[in-house]
Amino acid sequence: MRSIIKLALAIALNASILGCATYYQPVRFYDASSCEYRITSLRQDIHTCYGEAFPIEYAVLVAAQSDGQIFREQLKTLAGFDWENERAILITALADKANNDGYHTDVKTAQDVLAGRPFMIQLYSHEGDLLAESSELVDLHWIQSHQR
């Protein structure tokens, strides 16, 4: 058992040194009432928290070091998205201060997702599969074109 653990640690360390490691934990996020969700069990968690099923297919995570210009521009662009019709939700993640608006992550999760970058947007399936990501501003077409 110890040799398996040592091997796993060595692989993780080598991937980190080579710059190959990426954040792939089940992203946890919350709503304004502090109900907890996971990207990997999105539908079930929404059913548990709301007491009814919603046909959610996608989650869009917008992460930034602060709520600076690029973050505000991205949210402004996404404001025109018909989230309910597209069966999607928007999650915000700020890496340097607490955020309790709408669906949001905690600071540590935002820092892990960003991995030192100033901005990241990710599109997930309701099963938690990362479908697309960008470190630049995206438009609504980008989200729709990466949906399955």
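For the structure, see preceding data.
Everything quoted here is computed from the prediction, not taken from an experiment.

Participant: Describe the nonpolar core, listing the residues and the values that go with them.
Facilitator: Membership of the largest hydrophobic core comes to 21 residues, with the highest contact counts inside it found for F29, I39, L42, A59, I89 and I91. Looking at this core, the elements with two or more residues in it are helix 2 (42–50), strand 3 (58–64), strand 4 (88–94), helix 4 (107–114) and strand 6 (119–125). Ignoring anything within four residues of it in the chain, the contact list for I39 reads V27, F29, A59, I91, Y124, S125, H126, E127 and G128. One finds Y58, V60, V62 and F71 within the second-largest nonpolar core, a separate group that totals 17 residues.

Participant: I'd like a description of the pairing of strand 7 (residues 130–134), backed by residues and values.
Facilitator: Pairing of strand 6 with strand 7, which is carried by four bridges, proceeds in the antiparallel orientation. By the bridge assignment, L123 is partnered in strand 7 with A132. Turn length for the strand 6-strand 7 hairpin, with the two strands adjacent in sequence and antiparallel, is four residues, and the turn residue G128 shows positive phi of about 95°.

Participant: Before we move on, can you summarise the side chain of H126 with the specific residues and values?
Facilitator: Looking at where H126 falls in the secondary structure, it is placed in the loop between strand 6 and strand 7. Given a relative accessible area of 14%, H126 falls into the buried group. Within the structure, the side chain of H126 is placed 3.1 Å from the side chain of E127, a separation counted as a polar contact. If we skip the residues at most four places from it in the chain, H126 touches I39, T40, S41, L42, R43, I56 and E57.

Participant: Residues and numbers for the state of the cysteines, please.
Facilitator: Here the structure, examined in full by the defined rule, presents one disulfide. Two residues share a disulfide in this structure: C35 and C49, whose sulfurs sit 1.6 Å from each other. The chirality of the disulfide connecting C35 with C49 is left-handed, given an S-S dihedral of about -80°. Here C49 lies in helix 2 and C35 lies in the loop between strand 1 (28–30) and strand 2 (36–38), a separation of 14 residues in the sequence. Assessed through its relative accessible area of 19%, C35 is described here as buried. Residue classification places C49 among the partly exposed positions, given a relative accessible area of 28%.

Participant: Summarise the pairing of strand 6; cite the residues concerned and give the values.
Facilitator: With seven of its seven residues buried, strand 6 lies for the most part within the structure. The alternating pattern of strand 6 places F119, I121, L123 and S125 on one face and M120, Q122 and Y124 on the opposite face, and all of these are buried. Summarising the sheet, strand 3 and strand 6 pair through seven bridges and their orientation is antiparallel. What sits directly across from Y58, in strand 6, is S125.

Participant: Explain the packing of aromatic side chains residue by residue, including any values.
Facilitator: In total, this model carries five aromatic pairs according to the counting rule given. Where F29 meets Y103, the ring centres are 6.0 Å apart and the plane angle is 80°; that geometry is what we call edge-to-face. Remark: Y103 occurs in strand 5 (residues 103–104) and F29 occurs in strand 1; sequence separation between them is 74 residues. We note that F29, like Y103, is buried. An angle of 85° between the planes, with centres 5.4 Å apart, marks the rings of Y50 and F54 as edge-to-face. Among the residues examined, Y50 registers a relative accessible area of 40% and is labelled partly exposed. One aromatic cluster is present, built from ring pairs that chain together F29, Y37 and Y103.

Rules and cut-offs
Residues numbered from 1 in each chain as written. Predicted model: local features only at pLDDT ≥ 70, side-chain atom pairs only at ≥ 80, totals over all residues. Heavy atoms only, no water. Core = buried A, V, L, I, M, F, W, Y, C linked by side-chain atoms within 4.5 Å. Buried < 20%, exposed > 50% of the residue type's maximum accessible area, 1.4 Å probe, protein only. Helix = DSSP H or I, 4+ residues; strand = E, 2+ residues; numbered from the N terminus. Contact = heavy atoms within 4.5 Å. Pairing = 2+ DSSP bridges. Polar contact = N/O pair within 3.5 Å; in protein donor to acceptor, adjacent residues only side chain to side chain. Disulfide = S-S within 2.5 Å. Phe/Tyr/Trp six-rings, centres within 6.5 Å; stacked < 30°, edge-to-face > 60°.

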